[in-house]
Amino acid sequence: MHDLYPSRHAATPEMLERHDAVVHGQWTGSAPISELQAAQFERDGYIILEDLFSDEEVAFLQRAAGTLLADPADLDAETIVTEPRGDEIRSIFEIHRQSAVMARLAADARLADVARFLLGDEVYIHQSRLNYKPGFRGKEFYWHSDFETWHVEDGMPRMRALSMSVLLAENTPHNGPLMLIPGSHRTYLTCVGETPDDHYLSSLKRQEYGVPDEHSLAELAHWHGIVSPTGKPGTVILFDCNLMHGSNGNITPFPRTNAFLVYNAVSNRLGKPFGVDKPRPWFLADRGEPAPLAVESGPLIEAAPA
């Protein structure tokens, strides 16, 4: 397959044109988001969805997240990533297969229908995780485009995927919230440096390859600015797979917990990685035959005990 988005091959970074649509669905009055929201996603590469879930549903999700964090011995050890210089949990991957509540959240129509509209296709979960940034010790996530990694190391062919971060604790300006460069999704920034074998073992703690160069990042930030969406628990931050994003460390006493769901179009299934010989493991990228997500409606609290 011809590589439309080569990266980690050249000695210098490049800013390449995006070859894919941003909004793949045609907006009508029956769309799951407003026309203004669809236009914002097209322009900025992200939108914020508020008040989707009731207080009872948010509390239900918080209890489920607490169960995952409190009982790591019951989880697949491969899916647990700790902080770079400590044993605090940083991320738990494959949560939609390790928690019935998170599986129900991923399939919920309030999220999945938005993904299906924006991607213009049936969808499946490419990756899921619980991101936890503990108080005082939560480290930063450096700037990156998810698609660059998913393309180079997983074999995702096109920009037809998106992420949803469901806030399970209040995200304030101070406790390391997500930072975005709006509009950066229209530029594919290539990275420098050949990817070593089993790069994921270190990159999930601290990424050193597939990291944008500072000069190009500065250009993007000066062109577009930086925003830090915040919100109460239950808020959903939805962003394009190629949007440049990261987050600062958390030196406050207030932890930050988010359920992170990646929806990929069924037509955009993974193939051979474009930049490495061996793809990343199963819990980072679903490489099976993608089946359309069975979308469910109704209150989350009817799903399963938290």
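See the structure shown above.
As a starting point, this report considers the structure included with it.

Rules behind the numbers
- Residues numbered from 1 in each chain as written.
- Predicted model: local features only at pLDDT ≥ 70, side-chain atom pairs only at ≥ 80, totals over all residues.
- Heavy atoms only, no water.
- Buried < 20%, exposed > 50% of the residue type's maximum accessible area, 1.4 Å probe, protein only.
- Helix = DSSP H or I, 4+ residues; strand = E, 2+ residues; numbered from the N terminus.
- Pairing = 2+ DSSP bridges.
- Salt bridge = Lys/Arg side-chain N within 4 Å of Asp/Glu carboxyl O.
- Axes fitted to C-alpha atoms, helices over the stretch in contact; angles between N-to-C directions.
- Contact = heavy atoms within 4.5 Å.

## Considerations on the pairing of strand β4 (residues 89–93)
So, point 1. Of all five residues that make up β4, five are buried, and the element is covered over most of its length.
So, point 2. With three bridges joining them, β4 and strand β5 (residues 123–133) adopt antiparallel strand pairing. Within β5, the position partnered with I92 by the bridge is L130.

## Some remarks on the pattern of salt bridges
So, point 1. According to the stated counting rule, one finds 18 salt bridges in the structure shown.
So, point 2. The salt bridge involving R116 is made with E122; its shortest N-O contact spans 3.2 Å.

## Here we look at the sheet that holds strand β10 (residues 236–240)
So, point 1. Strand order in the open sheet made by the seven strands is β2-β10-β7-β12-β5-β4-β3, with antiparallel pairing throughout. The sheet is open, and its two edges are formed by β2 (46–49) and β3 (80–82), each paired on a single side. Recorded for the sheet is a direction-independent mean angle of 20° between the axes of neighbouring strands.
So, point 2. Note: β3 against β4, three bridges, orientation antiparallel. Among the inter-strand pairings, T82 is bridged to a residue of β4, identified as I89.
So, point 3. Here helix α1 (residues 35–44) sits on the sheet and contacts β2 and β10; the angle it forms with β2, its principal contact strand, is near 140°.
So, point 4. Lying on the sheet, helix α2 (residues 55–70) is in contact with β4, β5 and β12 (256–265); it crosses β5 at an angle near 70°.

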